[in-house]
Amino acid sequence: MRRKVILDVDTGHDDAMAILLAAAHQSLDLQAITVTAGNQVLEKTVANTIDVCSLAGISVPIYAGMARPLVREPLVSDFIHGDSGLGSVVFPPAARKAEAEHAVDFLIRACLEADGDLTLIPVAPLSNIAMALLREPNTKRGIKEIILMGGSIGVGNFTPAAEFNIYADPEAAKIVFESGVPITMIGLELTHQAMVSPEVAEEVRMIGTPVAHLVTQLLSDYGEAYRQLMGFSGPPVHDVCAVAYAIDPSLIETTPMRVDIETTPGLCYGRTVCDFYGITGREPNADVALTLDQRRFWPLFVEALRSY
Ligand code: BDR
Ligand code: CA
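Residues numbered from 1 in each chain as written. Chains lettered and ligands numbered in written order. Predicted model: local features only at pLDDT ≥ 70, side-chain atom pairs only at ≥ 80, totals over all residues. Heavy atoms only, no water.

A. Inspection of empty space enclosed by the protein at higher detail. Inspection of the entire model under this criterion finds one cavity of 30 Å³ or more. Taken together, the elements giving at least two residues each to the lining of the largest cavity come down to α1 (13-24), α3 (78-81), α6 (164-167), α10 (210-230) and α11 (238-247). Of the residues belonging to the lining of the largest cavity, the class tally is 10 nonpolar, six polar and five charged. (1 Å grid on protein atoms, 1.4 Å probe; cavity = no way out; pocket = protein on both sides within 12 Å on 5 of 7 lines; lining within 4 Å. Points joined across faces, edges and corners; volume = space filled by probe spheres on them. Helix = DSSP H or I, 4+ residues; strand = E, 2+ residues; numbered from the N terminus. Nonpolar A, V, L, I, M, F, W, Y, C, P; charged D, E, K, R; others polar.)

B. Up close: the pattern of salt bridges. In the structure shown here, the tally under the stated rule is 15 salt bridges. In this structure, the salt-bridge partner of Arg-3 is Glu-145, at a minimum N-O distance of 2.9 Å. In this pair, Arg-3 is assigned in strand β1 (residues 3-9) and Glu-145 in strand β5 (residues 143-149), connecting sequence segments 142 residues apart. For Arg-3, a relative accessible area of 14% translates into the label buried. Relative accessible area serves as the criterion here: at 15%, Glu-145 is assigned to the buried category. As a salt-bridge pair, Arg-135 and Asp-105 come within 2.8 Å of each other at their nearest N and O atoms. (Salt bridge = Lys/Arg side-chain N within 4 Å of Asp/Glu carboxyl O. Buried < 20%, exposed > 50% of the residue type's maximum accessible area, 1.4 Å probe, protein only.)

C. Seen up close, the sheet that holds strand β4 (residues 118-122). The eight strands are arranged β3-β2-β1-β4-β5-β6-β10-β7 in an open sheet whose pairing can be described as mixed. With partners counted over all chains shown, the strands left at the sheet margins are β3 (62-64) and β7 (252-257), one partner each. Across the sheet, the axes of successive neighbouring strands diverge by a mean angle of 25 degrees, strand direction being ignored. The sheet contact formed by β1 and strand β2 (residues 28-35) spans seven bridges and is parallel. (Pairing = 2+ DSSP bridges. Axes fitted to C-alpha atoms, helices over the stretch in contact; angles between N-to-C directions.)

These values are about where atoms sit, not about what they do.
Structural data, given as structure tokens:
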């Protein structure tokens, strides 16, 4: 049985690669892609999503959603993803548009029509998902689970305390984490285990197709940004990890814990406060990712790219 999924993105380098994996793998039935502002403003994240899908021949519907977070001032991650959101990559003029329906309306409709069998994979600020849950509380009846890239048990990557996707819309994250929907949190502890090595980058380059060429360009830009800003040896493909988990949960070891979102202004705004030791005695509300089976993860990624 293929898993019915909707991918929610703010395309970005790693979002682009997550889209390529989600559309390629036969165990996922990718119903649609919803887009929010995040790595860049909405206009650019939508354009990037359309461009990546067009180049790869991915024809699933694309819905534009929230142009800003629920409460906080908007921000972008241009120091990693550049002014376009996809670094220096240049695409031919777009041959298609996003659907006319708003992503939040679509999410509500898709969830109300679903039989409790829909998996949402948000790899972006949680603005679209939170707004759908707020607008129509019955939305959650259609959702089997939410597998999200965001947060961190420990240190942040946008502030010392907070990871970007959560920091970019903490109030939305709070709504999602308190929704009662089963959540798997793929945070930085996990995604920093998924740094592309020169060997993997070379395997991708050798595929030699237009999609492989795109990914090679993305990895080069993105790798340079991470090297300069954070001293990483290779770029971490954060968003790909969430899709990989949806494909094969045995790739990632998780543990249940209570996760609360700090929404009080101050140093820890946007932090995912993870009760790792169960100190509060509160019911866990998320399975938090701990370890990645790298031996099986990289072949999954490269094989998916080979299929284009
Ligand atoms: C997350 O933030 C974005 O820059 C990436 O696309 C990823 O979703 C990592 O913190
Ligand atoms: Ca993202």
